[in-house]
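Spelled out from the first residue to the last, the chains are:
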Amino acid sequence: MIKVGIIGATGYAGQELVRIISQHPEAEIVSLTSQSYAGKDYEDVYSNYSHMNYICEEEDIEKMADLCDVIFLALPHGVASKKINDKILRKVKIIDLGADFRLQNLEVYESWYTTHYSKDILPEAVYGLCEINRDKIRGKRIIANPGCYTTCSILSMYPLVKEGLIDNSSIIIDAKSGATGAGRGLSLPNHYCELNESVKAYKIASHRHTPEIEEQLSYAAGEDIVINFTPHLIPMDRGILATCYANLKEMCTYNDIKAVYEKYYGNEYFIRLTKEGTFPETKWVKGSNFVDIGFTVDRRTKRVIVIGAIDNLFKGAAGQAVQNMNILFGLDEKTGIDYVPIFPA
């Protein structure tokens, strides 16, 4: 059995990790920590775990590194780089659900986030977007689990960028997320009365997932890409829907575009391409590791419009993190995360 540690186990993504790992046939939780609830029974934080005897421990990453085969970090941005060093990585594999190791360009990271404290480790971190980077993930010591908006946006646009079918300077991504994307901490904009019965754009032209999307699409294109990315907050618990627009270099038919997506994703279990005229909805991926992608060609404007949907806590966080773990340890990628989406929920 793979021995698992989870740091930050009482946030929404951390809780989802606990839920998945506790049912994983090849892994077991040997340590979970929480800064806010240290010493408390896990069921006192989440009553859905009342049949399990988990206890929130004080964090001691050195001790965990001796006990575990892999440690998941479900922490705020800027914290993980203070904890991870070569000594830790010699003992245990790290999968970081935060942003600290996602951007290889240090200057870009520090301009969008904060000071990076593990500059020597950063170059070996692999961006854990499994469907694109699985061959790079195998055998590595540290994996940067992608963000939720970025997972949906990059996978939605990757085949078009990779094949050079679109004008890369024309990419616009309009994305909506449920409230869990903001985390479990108290925040006035996420209070029920502030959030309910309203939809709003936020962090316009300044969301931190923007450079992550740009960096990965730039790798695919072989040139620098700059996009317009606008996130929106939706009064629902979980889910992301990304509507992506780009100008076609030459007019294509629906079947032309379909052939490109089939080329890259036809054999990808967790990517489901919708039928022509049917477009993804968040309710059809909830509670699962699936990414649903649909598209259409707007002949009038010579644009392609791509819709992607994921569960932000599953494929956008914990599920993809476990998928990365499965790759790291030579398991079938579907192990422990092959859930049928929940409906209704």
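This one's a predicted model, so the numbers in the text were calculated from it and none came from an experiment.

Section: the packing of helix 8 (residues 148-162) against helix 11 (residues 254-265)
(1) Moving on: The N-to-C vectors of helix 8 and helix 11 enclose an angle of 110 degrees; their axes lie 9 Å apart at closest approach. If you check the angle between helix 8 and helix 11, you find them roughly perpendicular. In contact with Ile154, Leu155, Ser156, Met157, Tyr158, Pro159, Leu160 and Lys162 of helix 8, helix 11 contributes Ile257, Val260, Tyr261, Tyr264 and Tyr265.

Some remarks on the packing of aromatic side chains
For any pair of aromatic rings, the description rests on two quantities: the centre-to-centre distance and the angle between the ring planes.
(1) Moving on: In this structure the tally under the stated criterion is 14 aromatic pairs.
(2) Moving on: Aromatic pair Tyr269 and Phe290: ring centres 5.7 Å apart, planes at 40 degrees, arrangement tilted. Here the residue Tyr269 occupies a position in the loop between helix 11 and strand 11 (271-273), and Phe290 occupies one in the loop between strand 11 and strand 12 (291-298), the gap between them amounting to 21 residues.
(3) Moving on: Residue Tyr269 is classed as partly exposed on the basis of its relative accessible area of 40%.
(4) Moving on: Three or more aromatic residues link up through ring pairs in this structure, and these residues are Tyr42, Tyr46, Tyr49 and Tyr54.
(5) Moving on: Over the ring of Phe290 we find Arg272, and its NZ or CZ is 4.4 Å from the ring centre.
(6) Moving on: A cation sits over an aromatic face here: Lys334 above Tyr269, 5.2 Å from the ring centre.

Topic: the state of the cysteines
(1) Moving on: Evaluated as defined, the whole model comprises zero disulfides.
(2) Moving on: Cys152 forms no disulfide, and the closest cysteine sulfur to it belongs to Cys244, at a distance of 6.9 Å.

Some words on the packing of helix 8 against helix 10 (residues 209-221)
Angle between the axes and distance between the axes: these two values describe a pair of packed helices.
(1) Moving on: It is at 9 Å that the axes of helix 8 and helix 10 come closest, and there the two elements cross at 25 degrees. With respect to each other, helix 8 and helix 10 are oriented roughly parallel. Two packed elements cross with a definite hand, and for helix 8 against helix 10 that hand is right-handed. Only His209, Glu212, Ile213, Gln216, Leu217, Ala220 and Ala221 of helix 10 make contact with helix 8, whose side of the interface consists of Cys148, Tyr149, Thr150, Ser153, Ile154, Met157, Tyr158, Val161 and Lys162.
(2) Moving on: Here the residues of the contact of helix 8 with helix 10 are counted per class, giving 10 nonpolar, four polar and two charged.

Definitions and limits used
- Residues numbered from 1 in each chain as written.
- Predicted model: local features only at pLDDT ≥ 70, side-chain atom pairs only at ≥ 80, totals over all residues.
- Heavy atoms only, no water.
- Axes fitted to C-alpha atoms, helices over the stretch in contact; angles between N-to-C directions.
- Helix = DSSP H or I, 4+ residues; strand = E, 2+ residues; numbered from the N terminus.
- Parallel < 35°, antiparallel > 145°, perpendicular 65-115°, else oblique.
- Contact = heavy atoms within 4.5 Å.
- Phe/Tyr/Trp six-rings, centres within 6.5 Å; stacked < 30°, edge-to-face > 60°.
- Buried < 20%, exposed > 50% of the residue type's maximum accessible area, 1.4 Å probe, protein only.
- Lys NZ or Arg CZ within 6 Å of the ring centre and 35° of its normal.
- Disulfide = S-S within 2.5 Å.
- Left-handed = near helix turned anticlockwise from the far one by under 90°.
- Nonpolar A, V, L, I, M, F, W, Y, C, P; charged D, E, K, R; others polar.

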